[in-house]
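# Overview (structure and organization)
As a plain string of letters, each chain reads:
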Amino acid sequence: MKLGIPVIDEILEIPSGKVVTYYVDPEVEGEVFLMQTLHENSERYKCVLVTTSMSPMVVRNRFKEFGWDVNFPIVDAYSGLVGDISDEKYFVKDPSNAEELNKAIENAIEENDLVAINSLSTMIDLCGEEIVKYFKSWRDLAIVNDSILVINFVAWPYDERVINTVIAHSNVIVNVGGIHHRVILGQYYGLVKVDWTDFKRKSILFKVVKPGGIRAYIPKILVTGPYNAGKSTFVHAISTKAVSVDRLGTTVALDHGHVEYKGFTIDVFGTPGQERFDPILKILGEEAMGVIVVIDSTKPEDFPRAKEMLEKTTKFGLPYVIAANKQDLPNALHPEEIRKMMNLPADIPIIPTVASKGEGVYDVLDALLKILMEVGV
Ligand SMILES: Nc1nc2c(ncn2[C@@H]2O[C@H](COP(=O)(O)OP(=O)(O)OP(=O)(O)O)[C@@H](O)[C@H]2O)c(=O)[nH]1
Ligand SMILES: [Mg+2]
């Protein structure tokens, strides 16, 4: 079998009984690799896709965006999570139950030539790191059944043990990473010489405001996050002026806010949270310089969705911070608990907020601005 990936296909043919892992930097959109491998092989081989990170409908739409058909069955290990019933033949009722998920994957390996898993990282987020203990048995089963397992693994900073297990039990690892480079259009300024001390070179975009003068200019900060987390409320709380395109209390297009703050002029764009708007999410994310992910601190079941949205919007290696919203509600999780559950790096700010009362919202902005200034906007 070939992976269907340019250049790699020239040098590599995959025999049956192997595990192939796409090892993807969180800031890169790596999902398409797994999709392309499926597309390449679905006519010739018996394929199946196990989805834990998006609904089958969204999977089909994604494939359609590339002009590809979904002519293979989907094991729906997503709908159960958001309380939906599934139309798919294969349905995992409770994807956060590691044993149930494992059973479904074992069946898939026994019945197919190629089993694609999207994604192992979501499974870890849902079931805990114990899920990787099944990884070796999947490989053994693939050998016995002459099948091939292709896995999408987004390399969040998991426990080293987890990473090592994934690496050790993968026969092939394709690394998908990011090149940290950004083209900036517009006006900028920056120090180029200071002759008595070291200094960090950075370029700062600016706008001239009348009246007002020079403002450091941030053309786009994206506010994203799961449905009903408080994104629109957040955008309104930090903005001098803001409009939202909402219907029946949910955002159907976008929120747009203009922020004048500490010498900055910033345009803030809030995304809808519902999955059916994901196609415009991509467009809204284009050219953003930083991302604020608003989450409802009382809804850990939505954290994987938050990460999925983050994975999409940070594909260019954008700085991001987390607003741990709805801290006024009982059972709100503390930022450090959230960090653990979401497997977020230690240096990512997670800031408690009550957007509906405006509490903490400027702390979030400060944290993001600090990172933006460090990396040099
Ligand atoms: N208790 C509490 N409620 C909040 C807070 N922030 C927002 N809300 C409420 O949560 C609900 C959803 O807020 P929105 O700002 O519309 O959420 P959203 O993320 O924009 O929602 P979608 O655009 O539909 O995804 C509203 O009823 C808000 O009043 C908060 O900090 N605490
Ligand atoms: Mg909204």
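Relevant structure appears above.
This report concerns the structure included in the present document. Position numbers for residues count from 1 along each chain, tracking the sequence in the order it is written. Naming scheme: in the order in which they are written, chains are lettered from A and ligands are numbered from 1. Two thresholds apply to this predicted model, a pLDDT of at least 70 for residue-level local features and 80 or more for giving and counting side-chain atom pairs, whereas whole-chain, interface and lining totals are computed over all residues. The side-chain figures draw on all heavy atoms in the structure; neither hydrogens nor water molecules are used.

## Section: the site of ligand 1
Selection rule: For this description, a residue counts as near a given molecule or strand if any of its non-hydrogen atoms is within 4 Å of it. Counted as a polar contact is a pair of N or O atoms within 3.5 Å, where, for protein atoms, one must be capable of donating a hydrogen and the other of accepting one, and residues adjacent in sequence contribute only when both atoms are in side chains. All accessible-area figures derive from a Shrake-Rupley calculation using a 1.4 Å probe, and residue coverage is judged against the displayed protein chains alone. Helical segments are the DSSP runs of H or I of at least four residues, strand segments are the runs of E of at least two, and each set is numbered from the N terminus. The residue classification treats Ala, Val, Leu, Ile, Met, Phe, Trp, Tyr, Cys and Pro as nonpolar and Asp, Glu, Lys and Arg as charged. All others, Gly included, are polar.
Within the structure, ligand 1 sits among 18 residues, and K231, T233, T250, T251 and D328 are positioned closest to it. For ligand 1, an oxygen atom lies 2.9 Å from a polar atom in the backbone of G230. In isolation ligand 1 has 650 Å² of accessible area, and contact with the protein removes 80% of it. Residue assignment for the shell around ligand 1 shows that the elements contributing at least two residues are α8 (231-238) and β12 (250-261). Ranked by residue count, the leading element in the shell around ligand 1 is α8, at three residues. Considered class by class, the residues forming the shell around ligand 1 number five nonpolar, 10 polar and three charged.

## What about the packing of helix α4 (residues 98-111) against helix α6 (residues 135-145)?
Any two packed helices are characterised by how steeply their axes cross, that is the angle between the axes, and by the distance between the axes. Operational definition: With axes taken as lines fitted to C-alpha atoms, and helix axes fitted only over the stretch in contact, angles between N-to-C directions fall between 0 and 180 degrees. These descriptions rest on fixed angle ranges, namely under 35 degrees for roughly parallel, over 145 for roughly antiparallel, 65 to 115 for roughly perpendicular, and the rest for oblique. Take the far helix as your reference; a near helix turned counterclockwise from it by less than a right angle gives a left-handed crossing, and one turned clockwise gives a right-handed crossing. Whether two residues touch is decided by their heavy atoms; if any such pair falls within 4.5 Å, the residues are in contact.
Taken N-terminus to C-terminus, the directions of α4 and α6 make an angle of 20 degrees; their axes are 9 Å apart at the nearest point. For the element pair α4 / α6, the angle class is roughly parallel. Crossing handedness for the pair α4 and α6: right-handed. In this structure, α4 contributes N102, I105, E106, I109 and E110 to the contact, and α6 contributes S137, W138, L141, A142 and N145. Along the lines of polarity and charge, the residues of the contact of α4 with α6 split into five nonpolar, three polar and two charged.

## As for the pattern of salt bridges
The condition that has to hold: One speaks of a salt bridge when a side-chain nitrogen belonging to Lys or Arg is within 4 Å of a carboxyl oxygen belonging to Asp or Glu. Working definition: with a 1.4 Å probe on protein chains only, accessible area under 20% of the residue-type maximum means buried, over 50% means exposed, and in between means partly exposed.
A complete count under the given rule lists 16 salt bridges for this structure. In this structure, E88 and R60 form a salt bridge, with 3.0 Å as the shortest nitrogen-oxygen distance. In this pair, E88 is assigned in the loop between β3 (74-76) and β4 (90-91) and R60 in helix α3 (residues 56-65), connecting sequence segments 28 residues apart. Relative accessible area serves as the criterion here: at 16%, E88 is assigned to the buried category. R60 sits in the partly exposed class, given a relative accessible area of 32%. Here K103 ties to E106 by a salt bridge, and the two come within 4.0 Å at their closest N and O atoms. One end of the pair, K103, and the other, E106, are both in helix α4, three residues apart, so they sit about a helical turn from each other. Connected via shared salt-bridge partners are E31, R62, D278, R305 and E308.

Keep in mind these values describe shape, not function.
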